[in-house]
Amino acid sequence: MRKVGKNWMNLLGVALLLVLQLSLFVSCTALDEAPDNRTEIDTTDKIQQLLTSGYPLYTPALICELSSDNMLDGNVVVPATHVDAYYEFHEQAYKWEDIDNYSTDDDDTPYSVWQAYYQGIAVANQAIQSMREISNDPANDRETSHSWGEAHLLRAYLHFVLVNIFAEAYKDEARSSSEVGIPYVAEVENTVNVDYGDPKFRKSVAEVYRLIEKDILEGIKLIDDSKYKVPAYHFNHSAAYAFAARFYLFKRDYQKCLEYANEALGGNPQLRNWSAINQNTLATKVNDYNDEKLACNFLIQSTYSLQWRMLVSNARFAINEGTTFKDVNGKTWHVPSTLDVTMWGTGPNWSSTPLPAFSGMVYINSYGQQYGAWLFRLHEYFEYTDKIAGIGFVHQLYQPFTADETILCRAEAKLYLGDQAGAIRDLDLWTSSHLVTEPLTLDKIKRKYNRSARNNDFVSELYPAEMGFEKVLTGDDLSVLDCILHFRRIETVHEGQRWFDIKRYGIKVRHFYRDANEDEIHIDSLTWDDPRRVLQIPDNVIQAGYPGNREKGAFGPGKDGGYVMPAHGNTNVELYQNK
């Protein structure tokens with residue numbers, strides 16, 4: 001089921017990447033002279049073409065989803081089930097172990113993300129250097145200013161994703177200055193065997209955030225949407241300001257988050273029109289959702305990912321109904337339904353299930369509903385390179401930035417700035433766009449997100465003070481925050497953003513799992529200060545001499561495991577829609 005023939009560097013149309021850091025931190029290669037004239041990036045058109053290749057074709061979404069509290073183990077939910085993971089490294093991710101049981105050609109791995117994102121950074125750096133060579137002042141040159149802006153935003157965003165995966169979440173200036181971050185690469189490297197473990201490259205989390213902010217401010221005002229053929233696949237104006245809003249939200253500069261979110265959304269936010277999605281077929285739904293012309297789709301990312309195939313045709317890890325069980329000591333455990341808190345549950349101002357916008361949009365696993373469900377938009381496009389042989393490329397589209405997620409960033413910023421009513425208005429806009437007709441009020445929020453209720457799956461165990469928050473919300477404000485985090489969980493399902501919310505709020509997560517060859521259920525929890533919240537640097541990068549970012553093999557109480565995955569069925573699996 002893996003795609004084959006993945007020579008994706010040919011998509012560039014130029015040979016430039018031969019002189020870039022194509023295997024950053026694994027090996028470095030430099031050429032003394034260009035192999036042919038195609039490598040001379042000496043015009044603005046070539047620079048723009050080069051930057052197009054800098055947007056990564058891989059995503060951390062699946063790793064983040066498996067690490068988060070969105071996924072459940074089917075072996076726990078369905079007692080008679082003994083199933084292996086789709087890939088063995090999926091089990092490692094779910095157990096918060098060091099992820100090393102994969103091939104470098106596999107999709108959705110730490111290595112694919114590390115390599116692709118640093119490769120995109122190398123592209124941005126080459127573009128910046130080329131612009132310096134053709135202009136004395138690229139930021140103020142009419143011919144280069146737009147590309148100068150895009151290159152800096154792209155470099156900032158790729159480092160932002162990397163630092164939030166492979167390092168601790170930002171806490172505050174003092175604590176984050178002492179926590180190891182990632183290398184912030186801001187120049188083209190032409191030296192063989194560079195030691196990127198050297199302190200001059202490897203920055204603290206606080207230093208990485210400062211450099212990200214510097215790049216954002218350098219580039220954001222230079223973006224000109226008229227320069228793009230298809231703006232939705234680039235850092236256009238809305239995507240750039242949405243990125244800045246999320247960055248400042250994570251950094252807890254709420255006033256700047258509000259300002260940038262306002263600029264991204266405009267005076268009349270154009271959220272997704274769910275009633276306009278054609279439900280004739282799954283393909284038409286997906287096409288309507290991913291329409292590059294929609295104002296709500298700020299940035300679209302085309303990736304290689306097998307997340308859809310995993311959720312459709314494997315019964316191990318999925319968004320699923322919960323269960324209760326007794327452990328060997330007779331203690332009763334409650335496993336929350338992640339389906340209810342994402343796609344199929346009630347809300348503060350809707351009582352029907354699912355959320356009205358998702359009616360007819362949720363599909364169940366091919367083995368049956370008890371093995372989980374997925375939202376229609378997680379669907380692949382398959383590009384055949386040989387139809388007779390049935391081989392080609394899997395493409396899956398993600399939306400790193402949308403109007404719907406940005407308005408939730410703005411609601412959170414408003415709440416921390418003391419504008420509770422404004423936050424609720426933004427939340428009401430979000431529910432209205434999702435076809436909820438009943439207005440949202442504070443009283444409805446307080447009833448739904450009642451922390452005194454037993455086993456209220458709609459609230460999370462937060463540790464903001466421990467995570468460096470200067471302002472810790474209580475009372476009604478805490479209820480509104482619970483609502484925001486719930487809506488963010490729904491909005492970003494399958495995208496991996498829930499993992500970043502877990503990290504920045506220190507949310508406690510429990511994972512229940514039962515290995516395929518045993519009957520005992522294991523329980524593991526991830527606390528706010530657990531070092532396993534930091535994803536380990538790819539194993540093959542460590543083997544090449546780069547220092548790891550957490551203690552090797554920092555396992556929790558769960559038993560280490562890894563089992564041979566059986567062959568799966570064909571890709572033409574029948575889809576069952578949950579009515």
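Report on the accompanying structure. (Residues numbered from 1 in each chain as written. Predicted model: local features only at pLDDT ≥ 70, side-chain atom pairs only at ≥ 80, totals over all residues. Heavy atoms only, no water.)

**Brief notes about the overall build of the protein**
Helix and strand content of the protein: 19 helices and 14 strands. Across the 579 residues that make up the protein, the buried fraction comes to 61%. In the protein, the share of contacts with a sequence separation of at least 24, taken over all contacts with a separation of at least 6, comes to 73%. (Helix = DSSP H or I, 4+ residues; strand = E, 2+ residues; numbered from the N terminus. Buried < 20%, exposed > 50% of the residue type's maximum accessible area, 1.4 Å probe, protein only. Contact = heavy atoms within 4.5 Å.)

**Concerning the nonpolar core**
One finds I212, F235, F243, F358, F376 and L427 to be the most contacted residues of the largest nonpolar core, which totals 163 residues. If you tally residues by element for this core, the top one is helix α6 (residues 145-166), at 13 residues. Judged by nonpolar contacts, the second largest core, of ten residues, contains V76, A315, V335 and Y371. (Core = buried A, V, L, I, M, F, W, Y, C linked by side-chain atoms within 4.5 Å.)

**Quick look at the environment of S112**
Examined against the element boundaries, S112 turns out to sit in helix α5 (residues 110-134). S112 sits in the buried class, given a relative accessible area of 4%. In the structure, S112 is positioned 192 residues away from Y304 in sequence and 9.8 Å away in space, judged by C-alpha atoms. Ignoring sequence-local partners within four residues, the contact set of S112 consists of Y58, D106 and D107. At 2.8 Å, the side chain of S112 and the backbone oxygen of T109 are in polar contact. (Polar contact = N/O pair within 3.5 Å; in protein donor to acceptor, adjacent residues only side chain to side chain.)

**Overview of the packing of aromatic side chains**
Taken as a whole, this structure holds 38 aromatic pairs when the rule is applied. Ring centres 6.2 Å apart and planes at 50° place the aromatic pair F235 and F401 in the tilted group. Placement of the pair is F235 in the loop between α8 (205-219) and α9 (237-251) and F401 in strand β11 (residues 391-402), with a sequence separation of 166 residues. Residue F235 is classed as buried on the basis of its relative accessible area, which comes to 0%. Note that R272 overlies the ring of Y289, its terminal NZ or CZ placed 3.6 Å from the centroid. (Phe/Tyr/Trp six-rings, centres within 6.5 Å; stacked < 30°, edge-to-face > 60°. Lys NZ or Arg CZ within 6 Å of the ring centre and 35° of its normal.)

**Some details on the sheet that holds strand β10 (residues 380-386)**
Strands sit in the order β4-β11-β10 across an open sheet of three strands; the sheet is antiparallel. The outermost strands of the open sheet, each flanked by one partner alone, are β4 (297-303) and β10. Averaged over neighbouring strand pairs, the angle between their axes works out to 25° when direction is ignored. Bridge analysis of β10 against β11 gives six bridges, and the strand direction is antiparallel. Opposite Y384, over in β11, you have G392 as the bridge partner. (Pairing = 2+ DSSP bridges. Axes fitted to C-alpha atoms, helices over the stretch in contact; angles between N-to-C directions.)

**Topic: helix α11 (residues 282-289)**
Residues L282, K285, V286 and Y289 constitute the buried set of α11. Buried positions in α11, seen along its axis, are confined to an arc of 95° and lie on one side of it. (Arc of directions from axis to C-beta.)

**What to know about the pattern of salt bridges**
The final tally for this structure, using the stated rule, is 29 salt bridges. Ionic pairing is found between D426 and K414, a salt bridge with its closest N-O pair at 3.2 Å. Of this pair, D426 sits in helix α15 (residues 420-433) while K414 sits in helix α14 (residues 403-416), and the two are twelve residues apart along the sequence. In the salt-bridge network here, residues are joined through shared partners; they are R246, E405, E412, R488, D501 and R504. (Salt bridge = Lys/Arg side-chain N within 4 Å of Asp/Glu carboxyl O.)

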